[in-house]
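Here's the letter readout for the chains.
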Amino acid sequence: MNAQETIKHILKRSELIRFAIVGTIATAIHYICYYLLCHITTTNISYTIGYIVSLFCNFWLSAKFTFKKRATTRRGIGFGLSHLFNYGLQILVLNLCLALGISDLLAPIPVYLICIPVNFLLVRFVFRKI
């Protein structure tokens with residue numbers, strides 16, 4: 001491996017670490033909102049509101065910290081569209097978990113485990129190609 005390939009490898013690895021940090025923060029925000037709202041509204045509404053709140057934090061942190069890019073309107077639209085797909089996938093998996101009998105307070109955990117890797121690929125595309 002030459003020096004240029006080594007540098008690219010290190011940058012990709014650090015990007016993944018930064019993504020994990022931002023993802024952990026956004027996931028925590030999402031779950032806290034979800035958990036608090038589950039006591040006053042339906043599971044799907046709680047999940048959706050938590051998702052929206054964490055989305056704004058996630059976009060800003062992804063732009064500034066993970067990918068070190070400006071948070072432009074164009075990137076915001078791409079980010080929103082990638083998250084629209086991700087949201088649909090998450091709601092589908094959430095309802096599947098609920099149908100399988102997983103409690104509403106634990107159901108988001110397998111959702112995150114399945115959907116976060118998909119989300120990384122989508123968001124990385126947005127910040128690298130747009």
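Model, not experiment: these values are computed from the prediction.

Undergrad: Quick question: what am I supposed to make of the overall build of the protein here?
TA: For the protein, the helix and strand inventory stands at four helices and zero strands. Starting at the N terminus and ending at the C terminus, the protein contains elements arranged as α-α-α-α. Along the three orthogonal principal directions, the C-alpha set of the protein runs to about 55 × 30 × 20 Å. A total of 130 residues make up the protein; the buried ones form 35% of that total. At a minimum sequence separation of 6, the contacts of the protein that also span at least 24 residues come to 72%. Carbon and sulfur atoms make up 73% of the accessible area of the protein, which amounts to about 7,800 Å² in all.

Undergrad: Would you explain the packing of helix H3 (residues 73-99) against helix H4 (residues 108-129) in this entry?
TA: The description of two packed helices rests on the angle between their axes and on the distance between the axes. Between H3 and H4, the least distance of the axes is 9 Å, while the angle of their chain directions is 160°. It follows from the interaxial angle that H3 and H4 lie roughly antiparallel. Crossing angle aside, the handedness with which H3 passes H4 is right-handed. Only Pro108, Pro110, Val111, Tyr112, Ile114, Cys115, Val118, Asn119, Leu122, Val123, Val126 and Phe127 of H4 make contact with H3, whose side of the interface consists of Arg75, Gly78, Phe79, Ser82, His83, Phe85, Asn86, Leu89, Gln90, Val93, Leu94 and Cys97. Looking at the contact of H3 with H4, its residues break down into 17 nonpolar, six polar and one charged.

Undergrad: Whenever I open this one, the environment of phenylalanine 56 confuses me. Can you help?
TA: Structurally, phenylalanine 56 is set in helix H2 (residues 43-66). Once the C-alpha coordinates of phenylalanine 56 and cysteine 115 are considered, the two residues, 59 residues apart in sequence, prove to be 18 Å apart.

Undergrad: Teacher, can you tell me more about the packing of aromatic side chains here?
TA: The relative placement of two aromatic rings is captured by the distance of their centres and the angle of their planes. Per the counting criterion, the structure on display carries five aromatic pairs. Here the aromatic rings of tyrosine 31 and tyrosine 34 are separated by 5.9 Å at their centres, their planes lie at 45°, and the arrangement is tilted. Pair noted here: tyrosine 31 and tyrosine 34 are both in helix H1 (residues 3-38), with a separation of three residues, about one helical turn. By way of ring pairs, the aromatic residues Tyr31, Tyr34, Tyr35 and Tyr47 are connected into one cluster.

Undergrad: Help me understand the confidence of the model for the protein in this model?
TA: Confidence in the prediction for the protein averages 87 pLDDT; 92% of positions are at 70 or higher. Mean pLDDT values over the elements of the protein span from 83, in H4, up to 93, in H2.

Undergrad: Before we go on, may I ask you to explain H4 in this structure?
TA: Because each turn of an α-helix spans 3.6 residues, side chains separated by three or four positions end up pointing in the same direction. For H4, which comprises 22 residues, the first-to-last C-alpha distance of 30 Å matches the rise-based estimate of 32 Å (1.5 Å per residue) to within 8%. Along H4, the sharpest change in direction is near 35° and occurs at cysteine 115; proline proline 117 comes one to four residues later. Those residues of H4 that fall on the buried side of the exposure criterion are Pro108, Val111, Tyr112, Cys115, Asn119, Phe120, Val123, Val126 and Phe127.

Undergrad: Just to check I follow, could you spell out the side chain of histidine 30 for this structure?
TA: Note on placement: histidine 30 falls in helix H1. Setting aside anything within four residues of it in sequence, one finds histidine 30 in contact with Tyr47, Gly50, Tyr51, Ser54, Gln90 and Tyr112.

Undergrad: Honestly, H3 in this entry has me stumped. Any pointers?
TA: Compared with the 39 Å implied by 1.5 Å per residue over 27 residues, the 38 Å span of H3 between its first and last C-alpha is a close match. Among all positions of H3, only Arg75, Gly78, Phe79, Ser82, His83, Asn86, Gln90, Ile91, Val93, Leu94 and Cys97 are buried. Glycine 101 lies just past H3 and shows a positive phi near 95°.

So, how was this worked out
- Residues numbered from 1 in each chain as written.
- Predicted model: local features only at pLDDT ≥ 70, side-chain atom pairs only at ≥ 80, totals over all residues.
- Heavy atoms only, no water.
- Helix = DSSP H or I, 4+ residues; strand = E, 2+ residues; numbered from the N terminus.
- Buried < 20%, exposed > 50% of the residue type's maximum accessible area, 1.4 Å probe, protein only.
- Contact = heavy atoms within 4.5 Å.
- Areas by Shrake-Rupley, 256 points an atom, 1.4 Å probe, with all protein chains shown as cover.
- Axes fitted to C-alpha atoms, helices over the stretch in contact; angles between N-to-C directions.
- Parallel < 35°, antiparallel > 145°, perpendicular 65-115°, else oblique.
- Left-handed = near helix turned anticlockwise from the far one by under 90°.
- Nonpolar A, V, L, I, M, F, W, Y, C, P; charged D, E, K, R; others polar.
- Phe/Tyr/Trp six-rings, centres within 6.5 Å; stacked < 30°, edge-to-face > 60°.
- pLDDT = per-residue confidence, 0-100.
- Expected span 1.5 Å × (residues − 1).
- Bend = angle between axes of the 7 residues up to and from the residue.

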